[in-house]
Amino acid sequence: MSFDPSPEVRHGVNLGVNVGGLRLKNPVIAASGCFSYGEDVQGFFDAGILGGIAAKGLSLAPRLGNKPPRIHETPSGMLNAIGLQNVGVDVFVEKKMPFLRSLADTALIANIFGTTIDEYTRLAARLDAVPGVHALELNISCPNVKAGGIEFGKKPAAAAEVTRAVRQNSTLPLIVKLSPNVTDIVEMALAVRDAGADAVSLINTITGMAVDLKRRRPVLANTIGGLSGPAIRPVALRMVWEVCTKTDVPVIAIGGISSARDALEFLLVGAQAVQIGTAGFVDPSVWPDTVDGIARWLQKEGIEDVRDFIGTLK
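Let me sum up the structure you'll find in this document. (Residues numbered from 1 in each chain as written. Predicted model: local features only at pLDDT ≥ 70, side-chain atom pairs only at ≥ 80, totals over all residues. Heavy atoms only, no water.)

**Things to note about the packing of helix α4 (residues 156–167) against helix α5 (residues 185–194)**
At a minimum axis distance of 8 Å, the contact between α4 and α5 shows a crossing angle of 30°. Overall, the two elements α4 and α5 adopt an arrangement that is roughly parallel. At the point where α4 passes α5, the crossing takes the right-handed sense. Contact with α4, carried on its side by Pro-156, Ala-159, Ala-160 and Thr-163, involves Glu-187, Met-188, Ala-191 and Val-192 of α5 and no other residues of that element. (Axes fitted to C-alpha atoms, helices over the stretch in contact; angles between N-to-C directions. Helix = DSSP H or I, 4+ residues; strand = E, 2+ residues; numbered from the N terminus. Parallel < 35°, antiparallel > 145°, perpendicular 65-115°, else oblique. Left-handed = near helix turned anticlockwise from the far one by under 90°. Contact = heavy atoms within 4.5 Å.)

**Remarks on the pattern of salt bridges**
This model, assessed by the stated rule, comprises 14 salt bridges. In this structure, Asp-194 and Arg-193 form a salt bridge, with 2.8 Å as the shortest nitrogen-oxygen distance. Accessibility expressed as a relative area gives 32% for Arg-193, which makes it partly exposed. If you follow the salt bridges from partner to partner, you end up with Glu-8, Arg-10, Asp-292 and Arg-296 in one network. (Salt bridge = Lys/Arg side-chain N within 4 Å of Asp/Glu carboxyl O. Buried < 20%, exposed > 50% of the residue type's maximum accessible area, 1.4 Å probe, protein only.)

**Digging into the pairing of strand β16 (residues 224–228)**
Across three bridges, strand β8 (residues 77–80) lies against β16 in antiparallel orientation. Its bridge partner being in β16, Asn-80 is matched across the sheet by Gly-226. In this sheet, β16 lies alongside strand β13 (residues 206–209) in antiparallel orientation, the contact comprising four bridges. When the sheet's bridge partners are listed, Met-209 is paired in β16 with Ile-224. (Pairing = 2+ DSSP bridges.)

**A closer look at the packing of aromatic side chains**
Taken as a whole and assessed by the stated rule, the structure comprises six aromatic pairs. Between Phe-35 and Phe-45 the ring centres are 6.4 Å apart and the planes differ by 45°, which places this aromatic pair in the tilted class. With Phe-35 in the loop between β5 (28–30) and β6 (52–54) and Phe-45 in the loop between β5 and β6, this residue pair connects regions lying ten residues apart in the sequence. In this pair, the class of Phe-35 matches that of Phe-45, namely buried. Consider the rings of Tyr-37 and Phe-92, whose centres lie 5.8 Å apart with planes at 50°: the pair is tilted. (Phe/Tyr/Trp six-rings, centres within 6.5 Å; stacked < 30°, edge-to-face > 60°.)

What follows is the structure, given as structure tokens:
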């Protein structure tokens, strides 16, 4: 299932990139969990403008997620403990893929998770045969579920084990989504690369919590959740920089990106592409505005190809 879209030329700038074998017409991807399955944004903008869409995380069976309250606004960010609610892979293939498949030159990245290695491998094998799925994003880093992904994302050996198993069951480009809640992000990136990952995406949310002082109880029913939004961007930028400068692993950057300028900072330190999530809850136009803003800034700087800018931090 080859996917080779023509690089997008916008404002005279070539925006096409290649991330571990996954070709994107531009480097802007909608992050998993914040974009649902794409149809919801059509009233705001054409989802086909994006280089890629990382669909909402998928499990083998439908999942209800955690009890509410599941979202809480924080200064410059958001805590969520959704608990990976999703329709399940069969409903996804039957009811969500037709729309996603219609976005012919936008890459579809299926984000998958499980509580056992067997669940991950069965999902990978199932999606490997689905036309229109162009890559897998292996979520081993969700902090707000009781079991499963985060356990694999804590230690290099465990991360490598699940990556290797998925690699053996899929021919698609394999992206492993890494957790910031580890001692050494570089060690994690190298472990999954050696196990067969084609790229990594980082960072996932940072574990956090909030309390209701009057009620003297946690705000979230799950007690803890994942912190996202601008508050985590400096942490994400540092971790992306570390992986880009200390390894040869292609990186998709995630973490508090809210504008073209934010995205350009991650590209500057070496990321091949970026994912935008939480900012879309504030303003859905952040996705198309970022695509356009990257091109406009590069044009102003006299740079005709985004690849000539990536990784040029002095």
